Amino acid sequence: MTPRTVTVRVPAKVNTQLSVGPARPDGFHDLANVFLAVALHDTVTVTPADDLRITCTGPDAAQVPLDRTNLAARAAELLAARHGIEPRVHIHIDKDIPVAGGMAGGSADAAGALLACDALWGTGASQSQLLDICAELGSDVPFSLVGGAALGTGRGERLTPLEVGGTFHWVFAVADGGLSTPAVYREFDRLTPDAPEPAAAPALLDALRTGDAKALAATLTNDLQAPALSLRPSLAETLAAGTAAGALAALVSGSGPTTAFLCADAEAAHQVAAALTASGTCRAARATTSPAPGATVLTD
Ligand SMILES: C[C@@](CO)(OP(=O)(O)O)[C@H](O)COP(=O)(O)OP(=O)(O)OC[C@H]1O[C@@H](n2ccc(N)nc2=O)[C@H](O)[C@@H]1O
Ligand SMILES: Nc1ncnc2c1ncn2[C@@H]1O[C@H](COP(=O)(O)OP(=O)(O)O)[C@@H](O)[C@H]1O
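Residues numbered from 1 in each chain as written. Chains lettered and ligands numbered in written order. Predicted model: local features only at pLDDT ≥ 70, side-chain atom pairs only at ≥ 80, totals over all residues. Heavy atoms only, no water.

1. Let's talk about the UniProt feature "domain: GHMP kinase C-terminal" (unreviewed entry) in the protein
Going by this rule: UniProt positions are given in the numbering used here, feature names are shortened, and annotations may be inferred rather than shown by experiment. Comment: elements are numbered from the N terminus, with helices defined as DSSP H or I runs of at least four residues and strands as E runs of at least two.
The sites that carry the UniProt feature "domain: GHMP kinase C-terminal" (unreviewed entry) are, in the present numbering, residues 205–279. Helix and strand shares over residues 205–279 are 59% and 15% respectively, and the end C-alpha atoms of the span are 33 Å apart.

What follows is the structure, given as structure tokens:
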């Protein structure tokens, strides 16, 4: 029987290595993008409707477009078009991932809507067909579908799964307002005229594989950190506050402006979150863990 409602939970991500090459002729950048899914989630629920409709709840809901530019709506449209059906569906997003925060919230919603609509409509797309649609929707969307940890090459859409040998403890400091991903890449181009071709760092992959937080802290890198700080200098104060509170490492999450703090254990993460909240340098601080599974159907 065709299910009447499907709910999918999808994780946010942090980039443990984000190495960016020169701009390509198509405007994208080749990356060595080591994604790690973290246990902050959006939940996407789809229900049959007369037409395609999007609603959103959550602290950042007012910043989420509710028209067909929403990545979740685009995902439903693309899947429907591939199968010659009409995307008559109500997509509800319960949003806990910061918007325009460098944590791939829009990508998560796209992957979630795709998986949910596939179940709702019984389209039975294979994982590789779903991944193709994800790559068409955005560079980060394939990773939101698979979760865990993966190396993204090309523009980040070509994934190689990575082993993770333990649980890592993180704090994410949410900033006021977002940063535009294209603007941060443009600032990277301005600041880095001779970027080398990117490659994954063996020491970082080892740290993930062994689950060694100190080793991971020593190897975290983000080439978009300098451009994000250039566009939003106040993020340096948030990074300093988390480091002073005992984080093993502090970095900008992807294109920012969310900042990420790797901690030794759950207790340290709670202390760092409390100190960041008290510092007044961010809007909110959230303690969480990684890795987390990719898009997962909860009910149908
Ligand atoms: C920077 C990263 C790191 O994981 O994520 P965020 O931190 O924004 O979440 C990603 O590269 C963002 O991926 P995503 O947000 O899916 O980007 P897309 O929709 O594919 O592209 C948006 C724009 O970002 C720039 N872009 C994106 C990916 C890439 N490899 N090179 C680029 O130059 C281009 O200007 C492109 O037009
Ligand atoms: N479902 C969605 N959730 C959030 N933002 C969305 C969504 N669909 C489209 N967008 C647009 O994408 C932009 C980037 O949002 P997001 O994916 O949250 O950030 P980032 O690319 O930094 O991870 C937003 O400013 C918004 O205009």
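2. Details of the pattern of salt bridges
Under the convention used in this document: Criterion for a salt bridge: a side-chain nitrogen of Lys or Arg within 4 Å of a carboxyl oxygen of Asp or Glu. The buried label applies to any residue whose accessible area, calculated with a 1.4 Å probe on protein chains only, is under 20% of its type's maximum; exposed applies above 50%, and partly exposed to all values in between.
Summed over all chains, the structure comprises 12 salt bridges. One salt bridge in this structure joins aspartate 30 and arginine 24, with 2.8 Å as the shortest N-O distance. Its relative accessible area of 24% is what places aspartate 30 among the partly exposed residues. Note on arginine 24: relative accessible area 22%, which makes it partly exposed. Ionic pairing is found between arginine 209 and aspartate 206, a salt bridge with its closest N-O pair at 2.1 Å.

3. With respect to the UniProt feature "binding site: ATP" (unreviewed entry) in the protein
This is how it is decided: By the convention used here, residues are in contact when the closest approach between their heavy atoms is within 4.5 Å.
When the UniProt feature table is mapped onto this chain, "binding site: ATP" (unreviewed entry) is found at Pro98, Val99, Ala100, Gly101, Gly102, Met103, Ala104, Gly105, Gly106, Ser107 and Ala108. Looking at the element boundaries, valine 99 is found in the loop between β4 (89–94) and α2 (105–121). Setting aside chain neighbours within four positions, we find valine 99 in contact with Asp60, Gln63, Val64 and Gly178. Tracing the sequence through the fold places serine 107 in helix α2.

4. Points about the packing of helix α9 (residues 235–244) against helix α10 (residues 266–279)
A packed helix pair is summarised by two numbers, namely the angle formed by the two axes and the spacing between the axes. Rule in force here: Axis lines are fitted to C-alpha atoms, over the contacting stretch for helices. Their N-to-C directions set the angle, which ranges from 0 to 180 degrees. Here the word oblique covers every angle except those under 35 degrees (roughly parallel), over 145 (roughly antiparallel) and from 65 to 115 (roughly perpendicular). When the near helix sits turned anticlockwise from the far one by under a right angle, the crossing is termed left-handed; a clockwise turn instead gives a right-handed crossing. Polar here means any residue other than Ala, Val, Leu, Ile, Met, Phe, Trp, Tyr, Cys and Pro, which are nonpolar, and Asp, Glu, Lys and Arg, which are charged; Gly is therefore polar.
Two elements in contact, α9 and α10, have axes whose closest approach is 9 Å; the angle formed by their N-to-C orientations is 140°. Between α9 and α10, the crossing angle belongs to the class labelled oblique. Considering only the axes of α9 and α10, their crossing is right-handed. Along its contact with α9, which presents Thr238, Ala241 and Gly242, the element α10 presents Val272, Leu276 and Ser279. Split into classes, the residues belonging to the contact of α9 with α10 amount to three nonpolar, three polar and no charged.

5. Description of the environment of valine 8
Considering the arrangement of structural elements, one finds valine 8 in strand β1 (residues 6–23). By relative accessible area, valine 8 is classed as buried at 0%. Sequence separation between valine 8 and alanine 111 is 103 residues; the distance between their C-alpha atoms is 9.2 Å.

6. Remarks on the domain arrangement of the protein
The cut-off we apply is this: For the purposes of this description, domain bounds are those given by an automatic or database domain assignment. Accessible area, probed at 1.4 Å, shrinks when two parts are joined; the buried area is that loss added up over both. N or O atoms closer than or at 3.5 Å make up a polar contact, with two conditions inside protein: a donor-capable atom paired with an acceptor-capable one, and, for residues adjacent in sequence, both atoms drawn from side chains.
We note that the domain assignment places domain 1 (6–162) and domain 2 (168–290) within the protein. Distance from the C-alpha centre of domain 1 to the C-alpha centre of domain 2: 22 Å. Interface of domain 1 and domain 2: buried area, both sides summed, is about 2700 Å²; carbon and sulfur atoms make up 60% of it. Area buried by domain 1 at its contact with domain 2 is led by Thr16, Leu18 and Val20, which between them contribute 19% of it. If you look at where domain 1 meets domain 2, you find two salt bridges. With its nearest N and O atoms 2.7 Å apart, the salt bridge here joins aspartate 96 to arginine 286. Here domain 1 is connected to domain 2 by 16 residue pairs in polar contact (both at pLDDT 80 or more). Counting only elements with at least two residues in the side of domain 1 that touches domain 2, the list comes to β1 and β2 (29–48). When residues in the side of domain 1 that touches domain 2 are grouped by element, the largest group, 11 residues, is from β1. Here the side of domain 1 that touches domain 2 is composed, by residue class, of 19 nonpolar, eight polar and four charged.

7. Quick look at the packing of aromatic side chains
Worth spelling out the cut-off: For this analysis, a ring pair means two rings from Phe, Tyr or Trp (six-membered ring only for Trp) whose centres lie within 6.5 Å, classed as stacked if their planes differ by under 30 degrees, edge-to-face if by over 60, and tilted for the remaining angles. Criterion for a charge above a ring: Arg CZ or Lys NZ at most 6 Å from the ring centre, at most 35 degrees from the ring normal.
Per the counting criterion, the structure on display carries two aromatic pairs. Between phenylalanine 35 and phenylalanine 143 the ring centres are 4.6 Å apart and the planes differ by 5°, which places this aromatic pair in the stacked class. You can see phenylalanine 35 sitting in strand β2 and its partner phenylalanine 143 sitting in helix α4 (residues 141–146), a full 108 residues away along the chain. Of the two residues examined, phenylalanine 35 and phenylalanine 143, each falls in the buried class. Centre to centre, the rings of tryptophan 170 and phenylalanine 172 are 6.0 Å apart; their planes meet at 25°, and the pair counts as stacked. Above the ring of phenylalanine 28, the side-chain terminus of arginine 155 is found at 5.3 Å from the ring centroid.

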